[in-house]
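Here is how the chains run, residue by residue.
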Amino acid sequence: MTRGKPILMGPTARLRETSWDELGKMTPVEIKERGLFPYPSLPHPKHTPGGQVFPEMQIEQFPRLRRFDVDFDLPEEFLPEFPPAIFLQNRPELGDVSRGEVVSINNYYRLFKGLVTPVQLDGLRLLLTPFPQEEFNPTDDRKSLEPSLGVTCFDCHVNGHTTGQFHLNPDNRPQERRFRLDTTSLRGMFDQQIHGSKRSLRSVEDFTEFEQRTAYFNGDQIHAMKKGLTILDRVHVSHMAQMQNMFDFPPAPALDLMGRLDRSKATEEEIRGEELFFGKAKCSGCHVPPSYMDQQMHDLKLERFMDEPGRGPIKTFTLRGIKESPPYLHDGRCLTLEDTVEFFNLVLELQLNEQEKKDLVSFMLKL
Ligand code: HEC
Ligand code: HEC
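First, a word on what this report is: a plain description of the structure on this page.

**As for the overall build of the protein**
1) Next: Looking only at helices and strands, the protein has 12 helices and 4 strands in total.
2) Next: Compactness check: the protein gives a C-alpha radius of gyration of 21 Å against a globular reference of 21 Å for 367 residues, within 12% of the reference.
3) Next: For the protein, the spread of C-alpha atoms along the three principal axes comes to 55 × 50 × 35 Å.
4) Next: The buried share of the protein, taken over its 367 residues, is 55%.
5) Next: Counting contacts in the protein only where the partners sit at least 6 residues apart, residues at least 24 apart contribute 65% of the total.
6) Next: Here the protein has roughly 16400 Å² of accessible surface; of this, 54% comes from carbon and sulfur atoms.
7) Next: For the protein, the centre of its 46 positive side-chain charges and the centre of its 55 negative side-chain charges are spaced 2 Å apart.

**A short note on the coordination of the iron atom of ligand 1**
1) Next: For the iron atom of ligand 1, the full set of protein donor atoms is His-157 (NE2) and Glu-211 (OE), at a range of 2.0 Å.
2) Next: Coordination geometry of the iron atom of ligand 1: the 6 donor atoms subtend angles of 67 to 180° at the metal centre, consistent with an arrangement described as octahedral. With His-157 in the loop between helix H6 (153-156) and strand S1 (166-168) and Glu-211 in helix H7 (residues 204-213), the pair connects residues that are 54 residues apart, well separated along the chain.

**Things to note about the site of ligand 2**
1) Next: Every one of the 20 residues lining ligand 2 counts as a neighbour, but Cys-283, Cys-286, His-287, His-330 and Phe-344 are closest to it.
2) Next: A distance of 2.9 Å separates a nitrogen atom of ligand 2 from a polar side-chain atom of His-287.
3) Next: Contact between ligand 2 and His-330: an oxygen atom at 2.7 Å from a main-chain N or O atom of the residue.
4) Next: When contributions to the shell around ligand 2 are tallied by element, the ones reaching two or more residues are strand S4 (314-315) and helix H11 (337-347).

**Quick notes on the packing of H7 against helix H9 (residues 234-244)**
1) Next: Running from N to C, H7 and H9 cross one another at 115°; their axes reach a closest spacing of 9 Å. As for how H7 packs across H9, the hand of that crossing is right-handed. Within the contact between the two elements, H7 uses Val-204, Glu-205, Asp-206, Thr-208 and Glu-209 and H9 uses Arg-234, Val-237, Ser-238, Met-240, Ala-241 and Gln-244.
2) Next: The residue inventory of the contact of H7 with H9, partitioned by class, reads 4 nonpolar, 3 polar and 4 charged.

**Points about H7**
1) Next: Where H7 is concerned, the buried positions are Val-204, Phe-207, Thr-208, Glu-209 and Gln-212.
2) Next: Residues of H7 that are buried sit in contact with H9.

**What about unusual backbone geometry?**
1) Next: A cis amide bond, omega -5°, links Phe-82 with the succeeding residue Pro-83.
2) Next: Tracing the backbone shows Pro-83 in the loop between helix H3 (56-61) and helix H4 (108-112).
3) Next: Pro-326 connects to Pro-327 through a cis peptide bond whose omega is -5°.
4) Next: One can find Pro-327 in the loop between S4 and H11.
5) Next: Even without glycine at this site, Glu-17 takes up a positive phi of about 55°.
6) Next: One can find Glu-17 in the segment before helix H1 (20-25).
7) Next: A positive phi angle, near 50°, is found at Ser-200, a position not held by glycine.
8) Next: Topologically, Ser-200 is positioned in the loop between strand S2 (180-182) and H7.
9) Next: Take Ser-200: its relative accessible area is 14%, and that puts it in the buried class.

**Some words on H11**
1) Next: With 10 of 11 residues buried, H11 lies mostly within the body of the structure.
2) Next: By the burial criterion, the buried members of H11 are Leu-337, Glu-338, Asp-339, Thr-340, Val-341, Glu-342, Phe-343, Asn-345, Leu-346 and Val-347.
3) Next: Buried residues belonging to H11 abut H1, helix H2 (28-33) and helix H12 (354-365).
4) Next: One or two residues past the end of H11 sits Glu-349, with phi positive at roughly 50°.

Definitions and limits used
- Per chain, the residues get numbers from 1 upward, laid out in the order the sequence is written.
- By the order in which they are written, chains take letters starting at A while ligands take numbers starting at 1.
- Whole-chain, interface and lining totals are the exception, using all residues; otherwise, since this is a predicted model, local features are given only for residues with pLDDT of at least 70 and side-chain atom pairs are given and counted only at 80 or more.
- With hydrogens and water excluded, all non-hydrogen atoms of the structure serve as input to the side-chain values.
- A run of DSSP states H or I qualifies as a helix once it reaches four residues; a run of E qualifies as a strand once it reaches two. Both are numbered from the N-terminal end.
- Each radius of gyration reported is based on C-alpha atoms, and the globular scaling rule is 2.2 Å times the count of residues to the power 0.38.
- Only protein chains enter the accessibility calculation, which uses a 1.4 Å probe; a residue whose area is less than 20% of its type maximum is buried, one above 50% is exposed, and one in between is partly exposed.
- Contacts are assigned to residue pairs with any non-hydrogen atoms lying within 4.5 Å of each other.
- Computed with a 1.4 Å probe, the accessible areas rest on the Shrake-Rupley method; for each residue, only the protein chains presented here act as cover.
- His is not counted here, nor are the chain ends, while Lys and Arg score as positive and Asp and Glu score as negative.
- All charge positions are set by atom: Lys at NZ, Arg at CZ, Asp at CG, Glu at CD.
- Water is absent from the atoms considered, so a metal site may look incomplete; donors are defined as N, O and S atoms within 2.8 Å of the metal, or 3.2 Å for Na, K and Ca.
- Square planar and octahedral sites, with four and six donors, are those where opposite donors lie more than 155 degrees apart and all other angles lie between 65 and 115, tetrahedral sites have four donors with every angle between 85 and 135 degrees, and the rest are irregular.
- The nearness test applies per residue and asks whether one of its heavy atoms lies within 4 Å of the molecule or strand.
- Under the rule applied, a polar contact is a pair of N or O atoms within 3.5 Å (in protein, one hydrogen donor and one hydrogen acceptor; residues adjacent in sequence only if both atoms are side-chain atoms).
- Between the N-to-C directions of two axes lies an angle of 0 to 180 degrees, each axis being a line fitted to C-alpha atoms and, for a helix, fitted only over the stretch in contact.
- Definitions for this section: a left-handed crossing has its near helix turned counterclockwise from the far helix by less than a right angle. A right-handed crossing has that turn clockwise.
- All residues other than Ala, Val, Leu, Ile, Met, Phe, Trp, Tyr, Cys, Pro, Asp, Glu, Lys and Arg, Gly among them, are scored as polar; the first ten of these are nonpolar and the last four charged.

Structure follows, in structure tokens:
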């Protein structure tokens, strides 16, 4: 990753009674009947209360984010680097402007004055200001030992990216039908037209306003009233949105202006991977360059493979900078890029061989 964290390689899912090759040759009906699909949905480790959970490496630095009732459940090796690099789309020549720090209310002014406009700087201040939330608040009905001022947007979207924080989808009833949601990166927000894996909100402004009003209280407005709902006015929301739109993807020096590989900078394996991506493997049908998304939602119909109700259409996430934001899919059920290739090999019934799978991953590492 940009600041040096190694990327874990290889599929992590454990197969029962079969190999990847054999599994790829089976029909969806066969896989379902034998219960062999290796990527079932990932639940919240404490699904009934649900709520926001922060990784241990972050809690060590910011103990106010510790809950007493639940622990983070994925090893740090499978998470993005902490803290992540920050790229600004208005200052590409500067590269990573994080200086290795976690941006907070204590250092943002020093780090960002002169780099962004006063309006954006004010937006950043708000993104770093705690607002009361279901688990972190001053009432007795909280999940932190000490009373809390709340969480900030960047407690989850650390440095405008993500480091694996998760919570439950706020919109669904009943509880068991709610999705665990892995925090998405805000990198490249300026290029995205729909927001949220299910909600498909049409502006960063709307998402900013409603993330805080609904997701913070698991969709329960009555709890919000009791624990301290903050209603942001539209001026502040627009400042926050303007700042979110400044975060860029990490540089991809091997890509040309159309987002395709510059062949003079690519290996044989990467070139084969690109050909598969745009050909036999069908990935580009939904992940369209240069931002490697199509501004659409698609139903992958996983109920073909599993005894689980289907989840319906989900936003196609961008693949730019994808190596820096594990775990993958809306709930983080795929821990590595190899897992995502095995996943799509089954879902799209591609029957890729081992070399082809490797080639596809090599290509994705360049995006
Ligand atoms: C629990 C940690 C958490 C906190 C705190 C949080 N977010 Fe998010 N954010 C998420 C998750 C998870 C998603 C993905 C939602 C989905 O897939 O439906 C997300 C998605 C988003 C998106 C849409 C990404 C896209 O284009 O699909 C935006 C914009 C956003 N958050 C902004 C904010 C703002 C602004 C705040 C502060 C008011 C905030 N977030 C606070 C976890 C968090
Ligand atoms: C029919 C449209 C479609 C096709 C074809 C497709 N994808 Fe996707 N892709 C999606 C959707 C939708 C998601 C989000 C699914 C979810 O979160 O449950 C996604 C998610 C991903 C992710 C995870 C992104 C993240 O941020 O977590 C990766 C990696 C990925 N796709 C790679 C591929 C590869 C490689 C191929 C080709 C082998 C491919 N996709 C083909 C629609 C598609």
